[in-house]
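Single-letter residue listing:
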Amino acid sequence: MPHVSLIHPRPDCPRMNARPDAANLPIRLADYRAPAWRVERVELDFELDIDAAEVSAKLLLRRDPAQNEPLRLDGENLELLSIALDGQTLAADAYRVTAGGIEVDGVRDGSVLETRVRVHPAANTALEGLYLSGLRETGFLLTQCEAQGFRHITYFADRPDVQSIYTVTLRANRTRFPVLLAGGNPDGAGELPDGRHWARFVDPHPKPAYLFALVAGRLEKIERDYHTADGRDVQLKIWAEADAIARCHYAMDALVRSMRWDEQTYGRNYDLGVFHVVATHDFNMGAMENKGLNIFNTKCLLADADSSTDDEYRRVEAVVAHEYFHNWSGNRVTCRDWFQLSLKEGFTVYREQCFSADMNSAPLKRIEDVSLLRRAQFPEDAGPLAHPVRPAEYREINNFYTATVYEKGAELVRMLAGALGAEGFRRGSDLYFARNDGRAATLEDFLAALGDANGIDLSPYLAWYGQSGTPRLKAHGAYDATLREYTLTLSQHTPPSPQQPHKQPLPIPVKLALFGADGRIQPLHLDGSRRAGDTEIVVVLADAEQRFVFRNVEHRPIPSLLRGFSAPAILECDYAPAELALLLTHDPDGFNRWEAGQQLAQRACDALRDGAKTDAADAWCGALAALFDDPRLDPALLAGLLNPPGEVELAERESVVDPVRIHALRQQLQQRLAARIGTDKLDARYRALSTQATAAIDAASQANRSLKQRVLQLLALLAPTTACDHAAAQYRGAPSMTDRLAALALLARHDATRSAEPLAHYRERYASDPLALDKWFALQAQLPGDGALARVQSLEADPAFTLKNPNRARALLGTWANGNPTGFHRADGAGYRLYAQRLLTLDTLNPQIAARLATAFNGWQRLEPRRREAAYATLASLAAHDKLSRNLAEIAGNMLKG
């Protein structure tokens, strides 16, 4: 999961051998051909140093007898020192170095090609290939090879369907690089002259180049022995720099839980004798699943009560699990080409989500996942960057590590799992792993295994992978009291997207239940169904419109649809506000209660916007005020219920978006809710929860902190002075980062004067903690209003700010652009212009991060006219820049096409 993991399909095609710039033709799935040359074995020998490293590669080559193509290998930014074929140094006219690699004449099946190249780690600010993390005096060397980083290390067939056995030898100065690590099992180590040493590693499992990894430097470790279910002894080792290693124990516990869960749930056991995890502050992604040597952004690995929030604890657990689960869904079975990226990422995100649900609260986890989908993926699917889960073409593959591939991809796997049931999905996944172990597979292989194991044809679901956009699911119910029949009519429509103006109907599984007016769930008697009396069923809408008739229905029911969010669709149903309020109050499933509340809050905002009747707002506030007094309700669920949809989700309902108006409407709705509950009740609940303050991370303690934070936010809307008094005291006495950061955020938002001292205190306290400082930057970048621009500029002047660190750039600039609509979308366009300037600077340092941050402009076409014109002018100027990277050029160009 490089979340927060491609290549050209045909190395034998010159156009695909060189990574194309924005002017080249796109790379297409339809052009895929198997590699003309494979690498059976590779021996790598590294002479490591900070400024220059030399890499010797020895490749045993195998030709596809069905193809008669010369050998072409990928390579970028390499200084070729020597080259030999079958033990003979090649003459200058026997090979050609091109912009994207090297071509070699005279290669036969079974030939051995040897190259030696020089690379420059310290100068590599793109953090792709071999690079330096940290300062040159104290930092360490590491690699990032997904998707196309290996070609920055040596010449190779850098594509996922070329899988090889790796033997890696590392040599370096022992004092400067005491720790030497690579993927696979250790296979020897020793001393060399002049204070140097060596270490060798062998990975017995064939793997593609994107899973190669090495680490070299001064690192400390924690370790634990693990015994797998199939009897293997494994050494688990987590490595970090000295000032961070003490914060890795929670990650180690999470790793053990992940390994045991995968054994029990999927029957998957670890397959090497050692499992390394390394933490770095300089990483473009969240983490990387390199075989036997996972590399993590510290943001996704370090955790302790003083510096980590409850959300961050859960994130660490989830990402550790995600990367470990890749050992099978990504490593043992990898993807044939980068168009199949969701085969490993979507499946693994789904596995990670199920693990997190089992470790914590299933309803709360589902709320978290659906919220992320709506906040990140739905806007992507509705804008100029819309693309299918499996795109038909791409120019720069790093731009396709998106919410669509990851989050929507996971939802598609969830749909399949729901259709097959738990036992059926396990049968299917077992067959998938058995059939494809050691292979580079496709989405067709995945669906075929799931279907064959259960005697079901799942090929219609391939349409979900090839079609972009979010389906609109319309529902209308009609009750016939005479016949005691309820007819549910479902229809679907997917709006056109830039590359796909015409959409086909998709198979949409709709999990549903019917409720009576008394709030009780009703038995179901679906016409044509063999199962009668169930209280929850799944129907599949396969056509543009279908009707489903339920018999023996005593009274007009209230339908609960898309339960558990059974498909990634937008539901449009003719609910009355009172019906949604009933579901919010009575549904026994926490997620479905939350979903009813979100729909009701959206209706309420629509009514406030249009000056219509306040029935929806009254129903939402009334239902939540009653739930606020219910002592049986889980505090964490109550906190979630008390939150209306965010500004991004509300904007998705608007044809013309005015961020200031949306912000005001949401604030107005929350003020109504706070007033309905009342100052006294809010204050009393806050005080009661404050008496339970603790740094413990058990579920009950986290739930109390979550509710306390939400209650204080509502109190601040009615009695800001009282709330700020509470926040100031909470900040001073906070036993955990969750409480400390929540208090600081409330003070910063409601009382700039009083927040100055705690902000300065926080800055000083965490001056040497990069992750805690990221939160300080992000908190201030989120403060709404036009003043955000000057605040961001002031924070850029802080000595701790740098564009060279992806976490820091995302914390300030990314949070401002993506998490502060009123602050970024200034009517005068000044926010857009400053942001574009920073993107240009960042593009010279790290094109991947620049391109990802540029997606903040997604949806600009729906802004109100003044903002839309300003955004267009900024994007047009950015796209016209003559020195853009391929990454940023593609994103800016696609934005303007939409």
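These figures come from a predicted structure and were not determined experimentally.

The rules behind the values
- Residues numbered from 1 in each chain as written.
- Predicted model: local features only at pLDDT ≥ 70, side-chain atom pairs only at ≥ 80, totals over all residues.
- Heavy atoms only, no water.
- Core = buried A, V, L, I, M, F, W, Y, C linked by side-chain atoms within 4.5 Å.
- Buried < 20%, exposed > 50% of the residue type's maximum accessible area, 1.4 Å probe, protein only.
- Helix = DSSP H or I, 4+ residues; strand = E, 2+ residues; numbered from the N terminus.
- Contact = heavy atoms within 4.5 Å.
- Axes fitted to C-alpha atoms, helices over the stretch in contact; angles between N-to-C directions.
- Parallel < 35°, antiparallel > 145°, perpendicular 65-115°, else oblique.
- Left-handed = near helix turned anticlockwise from the far one by under 90°.
- Nonpolar A, V, L, I, M, F, W, Y, C, P; charged D, E, K, R; others polar.
- Pairing = 2+ DSSP bridges.
- pLDDT = per-residue confidence, 0-100.
- Disulfide = S-S within 2.5 Å.
- Phe/Tyr/Trp six-rings, centres within 6.5 Å; stacked < 30°, edge-to-face > 60°.
- Lys NZ or Arg CZ within 6 Å of the ring centre and 35° of its normal.

## Comments concerning the nonpolar core
Next, step 1: Core analysis: the largest hydrophobic core is formed by 242 residues, its most contacted members being Phe 425, Phe 550, Trp 816 and Tyr 835.
Next, step 2: Looking at this core element by element, the count peaks at twelve residues for helix H6 (residues 403-436).
Next, step 3: Once residues lying within four places of it in the same chain are set aside, the contact partners of Tyr 835 are Leu 813, Gly 814, Trp 816, Ala 817, Phe 824, Leu 853, Ala 854, Ala 856 and Phe 857.

## Digging into the packing of helix H3 (residues 310-325) against helix H4 (residues 341-359)
Next, step 1: At a closest axis distance of 9 Å, the pairing of H3 and H4 adopts a crossing angle of 135°. Between H3 and H4, the crossing angle belongs to the class labelled oblique. Of the two possible hands of crossing, H3 and H4 adopt the one that is right-handed. Mapping the contact onto sequence places Glu 317, Ala 318, Ala 321, His 322 and Phe 325 in H3 and Glu 345, Thr 348, Val 349, Arg 351, Glu 352, Phe 355, Ser 356 and Met 359 in H4.
Next, step 2: Taken together, the residues that form the contact of H3 with H4 break down as six nonpolar, three polar and four charged.

## Some remarks on the pairing of strand E27 (residues 508-515)
Next, step 1: Across the eight residues of E27, seven count as buried, placing the element largely inside the fold.
Next, step 2: Here E27 runs beside strand E28 (residues 537-541); their pairing, made up of five bridges, is antiparallel. Paired with Leu 512 across the strands is Ile 537, a residue of E28.

## Re the environment of Ala 84
Next, step 1: Assignment of secondary structure puts Ala 84 in strand E5 (residues 79-85).
Next, step 2: Considered as a pair, Ala 84 and Cys 605 are 521 residues apart in the sequence and their alpha carbons are 70 Å apart.
Next, step 3: Apart from the residues within four sequence positions on either side, Ala 84 is in contact with Thr 89, Leu 90, Val 112, Leu 113 and Glu 114.

## Section: the sheet that holds strand E19 (residues 274-280)
Next, step 1: Reading across the sheet, the five strands line up as E17-E18-E19-E21-E20 and stay open at both edges, with mixed pairing between neighbours. Sheet topology places strand E17 (220-227) and strand E20 (287-288) at the edges, where each strand pairs with a single neighbour.
Next, step 2: The sheet contact formed by strand E18 (residues 233-240) and E19 spans five bridges and is parallel. Note that in E19 the partner of Leu 236 across the bridge is Phe 275.
Next, step 3: Here H3 sits on the sheet in contact with E19, E20 and strand E21 (293-297), set at roughly 150° to E21.

## Some details on the confidence of the model for the protein chain
Close reading of the predicted structure is inappropriate where its pLDDT is low.
Next, step 1: With 97% of its residues at a pLDDT of 70 or more, the protein chain shows a mean pLDDT of 95.
Next, step 2: Confidence, read as mean pLDDT per element, is least for helix H1 (residues 14-17) in the protein chain (28) and greatest for strand E16 (residues 214-217) (99).
Next, step 3: A low-confidence stretch, residues 3-23 (pLDDT under 50), is modelled with 98 contacts involving residues beyond four sequence positions or located in other chains.

## Considerations on the state of the cysteines
Two cysteines whose sulfur atoms are joined by a covalent bond form what is called a disulfide.
Next, step 1: Scanning all chains against the criterion turns up zero disulfides.
Next, step 2: The thiol of Cys 145 is not disulfide-bonded; the next cysteine sulfur, from Cys 335, is found 15 Å away.
Next, step 3: In this structure Cys 145 comes out as buried when scored by relative accessible area, which is 0%.
Next, step 4: With no disulfide of its own, Cys 300 has Cys 248 as its nearest cysteine by sulfur position, at a separation of 13 Å.

## Regarding the packing of aromatic side chains
Next, step 1: Under the criterion given, the structure shown has 42 aromatic pairs.
Next, step 2: Ring geometry for Phe 46 versus Phe 212: centroids 5.8 Å apart, planes at 10°, classification stacked. You can see Phe 46 sitting in strand E2 (residues 37-47) and its partner Phe 212 sitting in the loop between strand E15 (196-207) and E16, a full 166 residues away along the chain. Pair check on accessibility: Phe 46 and Phe 212 agree, each one buried.
Next, step 3: Between the NZ or CZ atom of Arg 268 and the centre of the ring of Trp 328, over which it lies, the distance is 4.6 Å.
Next, step 4: For the cation-ring pair, Arg 685 lies above Phe 628, with the distance from its terminal atom to the ring centre recorded as 4.5 Å.

## With respect to the sheet that holds strand E4 (residues 71-74)
Within a sheet, adjacent strands bond to each other through the backbone by hydrogen bonds, running parallel or antiparallel.
Next, step 1: Strand order in this open sheet of three strands is E4-E8-E7, and the pairing throughout is antiparallel. Edge positions in the sheet fall to E4 and strand E7 (95-98), since each of these pairs with one other strand and no more. Each strand of the sheet is rotated relative to its neighbour by a mean of 15°, with strand direction disregarded.
Next, step 2: Bridging between E4 and strand E8 (residues 101-104) involves four bridges; their strand directions are antiparallel. Counted as the bridge partner of Arg 72 is Glu 103 from E8.

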